[in-house]
Structure formats: structure tokens, C-alpha cells
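# A closer look at the structure
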Amino acid sequence: MAESDDQYDALGAIYERAKHIPTGLAERATLLSAVGDLRGRSVLDVACGTGFYARLFRDLGAVKVLGVDSAGEMIGYARYVEEREPRGVTYAQHDATELPVLGEFDVVTAVWLLGYADDVPALDAMIANLTANLAPDGRLVVLVPNPDADWDLLAQYGRYGYEVVRTGPMNVKQPVRVHVLGDPPFDFDSFYWERGVFDAALGRAGLDVARHPAVTPDDERGEEFWEPLRQSPSFGVFTAVRGAA
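Structure report, in brief.

Thresholds, definitions, all that
Residues numbered from 1 in each chain as written. Predicted model: local features only at pLDDT ≥ 70, side-chain atom pairs only at ≥ 80, totals over all residues. Heavy atoms only, no water. Helix = DSSP H or I, 4+ residues; strand = E, 2+ residues; numbered from the N terminus. Rg over C-alpha atoms; globule rule 2.2 N^0.38 Å. Buried < 20%, exposed > 50% of the residue type's maximum accessible area, 1.4 Å probe, protein only. Phe/Tyr/Trp six-rings, centres within 6.5 Å; stacked < 30°, edge-to-face > 60°. Lys NZ or Arg CZ within 6 Å of the ring centre and 35° of its normal. Contact = heavy atoms within 4.5 Å. Pairing = 2+ DSSP bridges. Axes fitted to C-alpha atoms, helices over the stretch in contact; angles between N-to-C directions. Salt bridge = Lys/Arg side-chain N within 4 Å of Asp/Glu carboxyl O.

### A look at the overall build of the protein
Within the protein, the regular secondary structure consists of 8 helices and 10 strands. Taking 18 Å as the expected radius of gyration for a compact globule of 245 residues, we find that the protein reaches 17 Å, a close match to that expectation. Along the first, second and third principal axes, the C-alpha set of the protein runs to 50 × 45 × 35 Å. The burial tally for the protein puts 47% of its 245 residues in the buried class.

### Brief notes about the packing of aromatic side chains
Counted under the stated rule, the structure contains 11 aromatic pairs. Where Phe52 meets Tyr53, the ring centres are 5.2 Å apart and the plane angle is 85°; that geometry is what we call edge-to-face. For the pair Phe52 and Tyr53, one class covers both residues: buried. Ring geometry for Tyr116 against Phe191: centres 6.3 Å apart, planes inclined by 85°, an arrangement best described as edge-to-face. Taken together, the positions of Tyr116 in the loop between strand E4 (105–111) and helix H5 (120–131) and Phe191 in strand E8 (residues 186–193) put the pair 75 residues apart, joining distant regions of the chain. Ring pairing ties together the aromatic residues Tyr157, Tyr160, Tyr162, Phe225 and Trp226, which thus form one cluster. Seen from the ring of Phe191, Lys173 lies directly overhead, with NZ or CZ sitting 4.3 Å from the centre.

### Focus: the environment of Phe238
Tracing the sequence through the fold places Phe238 in strand E10 (residues 235–241). Judged by relative accessible area, which is 3%, Phe238 ranks as buried. On a C-alpha basis, the gap between Phe238 and Arg39 in space is 21 Å, while along the polypeptide they are 199 residues apart. Apart from residues lying up to four places away in sequence, Phe238 is in contact with Leu140, Val141, Val142, Val144, Pro147, Phe198, Asp199, Leu202, Val209, Ala210 and Arg211.

### Section: the sheet that holds E4
Pairing is mixed across the open sheet formed by 7 strands, whose spatial order is E3-E2-E1-E4-E5-E10-E9. Where the open sheet ends on each side, the last strands, each with one partner, are strand E3 (90–93) and strand E9 (208–212). Averaged over neighbouring strand pairs, the angle between their axes works out to 20° when direction is ignored. Relative to the sheet, H5 contacts strand E1 (42–46), E4 and strand E5 (134–145), its axis offset from that of E5 by approximately 140°.

### Some details on the environment of Ala26
Tracing the backbone shows Ala26 in helix H2 (residues 22–35). The contacts of Ala26, once residues within four sequence positions are left out, are Val215, Thr216, Pro217, Trp226, Leu229 and Phe235.

### Topic: the pattern of salt bridges
Scanning the model with the defined rule gives 11 salt bridges in all. A salt bridge links Arg204 to Asp124; its shortest N-O distance comes to 2.9 Å. Pair noted here: Arg204 is in helix H7 (residues 197–204) and Asp124 is in helix H5, with a separation of 80 residues, a long-range link. For Arg204, a relative accessible area of 49% corresponds to the partly exposed category. Asp148 is paired through a salt bridge with Arg195; the nearest N and O atoms lie 2.5 Å apart. Taken together, the residues Asp148 in the loop between E5 and helix H6 (151–154) and Arg195 in the loop between E8 and H7 connect sequence positions 47 residues apart. Overall, Arg195 belongs to the exposed group, its relative accessible area being 66%. A cluster of three or more residues bridged by salt bridges with shared partners is formed by Asp59, Arg84, Glu85 and Arg87.

What follows is the structure in C-alpha cells.
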């Protein structure tokens, strides 16, 4: 195997491990429930990262999937996987703050993207760019840090594979550090925004907005294990529909 292949495999092992810890399983189940039936549909996955969800959307029957991300190393890894395991997913490097119109898509997804907007005007600009790529009656699905998070329950999140620690004062958004457990552990920074900011921004874009309830796996760990996550998931999922012009 080439050295570049080794580097890409290492990158994927780190960044995609978070999709397989317990909270990642709940994130995936909730997102897919909100996205709905993808058979015969086109999907634009913005901030696609390593292409984890883009590949999954294609496997679930989407006829066209385009993943975009601002990070060249993420797009490089996603293309590497596509070359190794062809699915017909395409990738392009774009920053969500300057996202052009790439087509009219039945579904546009943005997983963990909006929380990184610099401020409310930047948030509005990101959502406008996402909306511009929706077909009439298309659906925008965004997964964001839960604006209604109960911090006492988040303190129990070690059981779900990561820990969330506040790192600064709340001023529209709360800076946090997420520590993903495992071997090796790794950290990343994120932001929890005030209640009402995301849904208001989606409404300003002319979208009909709904909050999607958290979905947790039905597995052997049982109700007691999943109950804190159901009460206060670390994520929130909004669906927003663009009406026909």
C-alpha cells in the first residue's frame, strides 16, 4: 500500500470513529429518520467531511450525491474511498460561506456545519447558500449542537463515548471542547448556540421549520442506558422545507 493510502486510512480511522460511538449511532439514526426515503432522490451533503454520510445516502438509494467540504484533506480522503469502493458519489471543495449554486437538489444536508458560523449574519448567509441549492419542495436537514441541552445530563455523556466541557462564557453561543474517548482519544472545538437562533434563521430564509425528535438505537443496552440522551441529546436536528415558487 502506498504511503498516501496509509495516511488516508489513518485519517478515516480517527474522524469516522466518532460515528460509531453510542452518541454517533443516535446521531445517525436521528438524521436518517429526518432525511426520509432517499430512493430516486438527489442529495447535496455540505460539510461532508470524510464522506461518511454521502456514502450512506448513496447506499440508501439516492441516485445523485454530491459532497462538498472546505477542507482539502477531507475531500481527498472521500475521493480516495470512492476510488477504492466506487459508489458514484462525487466530491468538490467549497466553503459553505461562499457555496455556489451547484444544482437543484431534493435534499440538502448540513451535519454540524451551522454551529461554526461566526455570528448570526454569517449563519443567515450559510443558510441562504444551502437554500439556493434546494429544488422546489426540497428539504433541508441540518444537525446542530442541541440549543436546549441540559448541561447536567451532558455531564453524563462519557457513557456515550465523549465528554463536553464548556471553555468560555455564553454570548449567543457557548464555546465547548468535545473530548472523544478511545484509543487514541481526540478533541475538537464546537459551539452551543442560544435557544431559538437556528430555527429563527431558517425561518428568515423563507423555510417551514420543524424540530425532529432524537432517535436512539433499539439495542441490548436498553432504556436506562439511552434515557439521558433521549432527554438531552448533544445534537438537534431541524428539517426545513422550501415551498414551490
